[in-house]
Structures are given as structure tokens and as C-alpha cells.
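Spelled out from the first residue to the last, the chains are:
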Amino acid sequence: PPLGSAAPTSVVGAPWPRPTPGDAPRAAADVPGAGDAPEEPPAEAARAPRARQGVRYARIVTALDGSMRAECVLPWVRRLAQQHDAEVILAHVVVEPELPRLTPPSEEDVALARRLMERNRVAAAAYLDDARKRLGIEASTRLVEGAKVSVALHDLVDREAVDLMVLSAHGHGGEPRWPFGDVATSFIGYGRTPLLLVQDMAPGGFPADGGADRWGG
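Presented here is an overview of the structure given in this document. (Residues numbered from 1 in each chain as written. Predicted model: local features only at pLDDT ≥ 70, side-chain atom pairs only at ≥ 80, totals over all residues. Heavy atoms only, no water.)

**Description of the environment of G181**
Stage number 1. By the element assignment, G181 lies in the loop between β5 (164-168) and α5 (182-190).
Stage number 2. Assessed through its relative accessible area of 15%, G181 is described here as buried.
Stage number 3. Put simply, G181 and S168 are 13 residues apart on the chain and 8.8 Å apart in space, counted from C-alpha to C-alpha.
Stage number 4. Ignoring anything within four residues of it in the chain, the contact list for G181 reads A169 and H170. (Helix = DSSP H or I, 4+ residues; strand = E, 2+ residues; numbered from the N terminus. Buried < 20%, exposed > 50% of the residue type's maximum accessible area, 1.4 Å probe, protein only. Contact = heavy atoms within 4.5 Å.)

**Considerations on the side chain of S67**
Stage number 1. Relative to the helices and strands, S67 is located in the loop between β2 (59-63) and α1 (68-71).
Stage number 2. Looking at S67, its side chain comes within polar contact range of the side chain of D65, at 2.6 Å.
Stage number 3. Of note is the side chain of S67, whose polar atom sits 3.2 Å from the backbone nitrogen of A70. (Polar contact = N/O pair within 3.5 Å; in protein donor to acceptor, adjacent residues only side chain to side chain.)

**What about the pairing of β5?**
Stage number 1. When you tally the buried positions in β5, you get five out of five residues, the bulk of the element.
Stage number 2. A two-sided burial pattern is seen for β5, the buried positions comprising L164, V166 and S168 on one face and M165 and L167 on the other.
Stage number 3. One ladder, built from three bridges, connects β2 with β5; its direction is parallel. By the bridge assignment, T62 is partnered in β5 with V166.
Stage number 4. Bridge count for β5 against strand β6 (residues 195-198) is four bridges, and the pairing is parallel. Bridge pairing links V166 to L196 in β6. (Pairing = 2+ DSSP bridges.)

That is the geometry; function is a separate question.
Structure (C-alpha cells):
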């Protein structure tokens, strides 16, 4: 479908110029509760303002890949969940290892891929559990597997009947030349669910102290 037919998208915390008509989907749609910065003093959590009348998100999902960039969404997810009394789902995709395509994979190749998947699955499950605890509010986790992250996440959103997707503009493989990474671009262009993007990069690229990729960052 053409980009203009995508679900409403908001970009917050974004030093990049907002997209203009013709080169990106509608970016003017407001996500209730998303202001200039998520302010959430612990003592005020119980008195977080309610969602705007007539608009309510019941299920919010965000995808985490273990990087600091991806985790920049967590304050926004927490704030929106409090405002909308929403269920939160933290998701991670364990990517299937790519096997040789020119020749059929050997038994050794298949066994190695299985061991790598299991190792990554265990590490990712522990990471998601830690992220859930650090979020500070009730949340559930989803560990999914797939050959491509964006496809697995689209399937998850449809399967879980999610009504708001919150993503960092980039994950651990974020390219500083472009304002959006592959997963964010996929949801901008083809997502059917309202999308909130949190820009993690300055116009010149990653800040000197914010580009490290590490689990639980």
C-alpha cells in the first residue's frame, strides 16, 4: 500500500525535521499523553492524568532488542500505560540464523543453528524479564522467533490485537545517516496500528556516549 495509507504516526523527542506530505505518512496525529517529555515522578504515579475522553489505548506493545537505543521508549510506554490504564507487552524477536543458500545446509549447519537459537532464546528471555522489572509497572513479555524482525512483529501486533505500537526510531543496528531504521520504516509504511516513534538520534548521528550496544543497556 502507498505510504499515505499507513496508520497514524507520531514522532516524539525527534530533532529530525518532521516528514512533509509526499515523503512519509501522516505525522501530525497526536498520541494522547505524549507531551514534550515523559514526566513521571514515582510519588505522582497513582495520580497520573487520565486519557483524553473518547480515546483510550487498551494494549500497548513495544519491541526491545537489548540496545540502549531501543530502550529509550520505556519512559513513554510507562507514562502512556498509566494514563490509559493499558496492558503493556514487551516483545523481543529471536532471529533465525541465516544458513548457506547456494548449497543445502548440512546436518552440522542445522545443528549449529539450533544451538545458536536456543542460546539466544535463553539470553533474550532473561533480558526481557529484567526489562519488565525495570519498567516499574505491570507488564507481560513475548518472545517470538522469525527469519525477519519486522515480519515477526507485524504478526505479533495482529495476533495480540494491539492498538498502539511504540518503537524507537532505531535499534542496535541503527544507521546514523537515516532518521528511521528498518523496523520503524516497515511500521511507518505498512503498519495497520497507530504508531508512536521515539527518535533516539541527534541530526548528526549518535551522541558520543549513547551509541553503545549492550544487553540490558
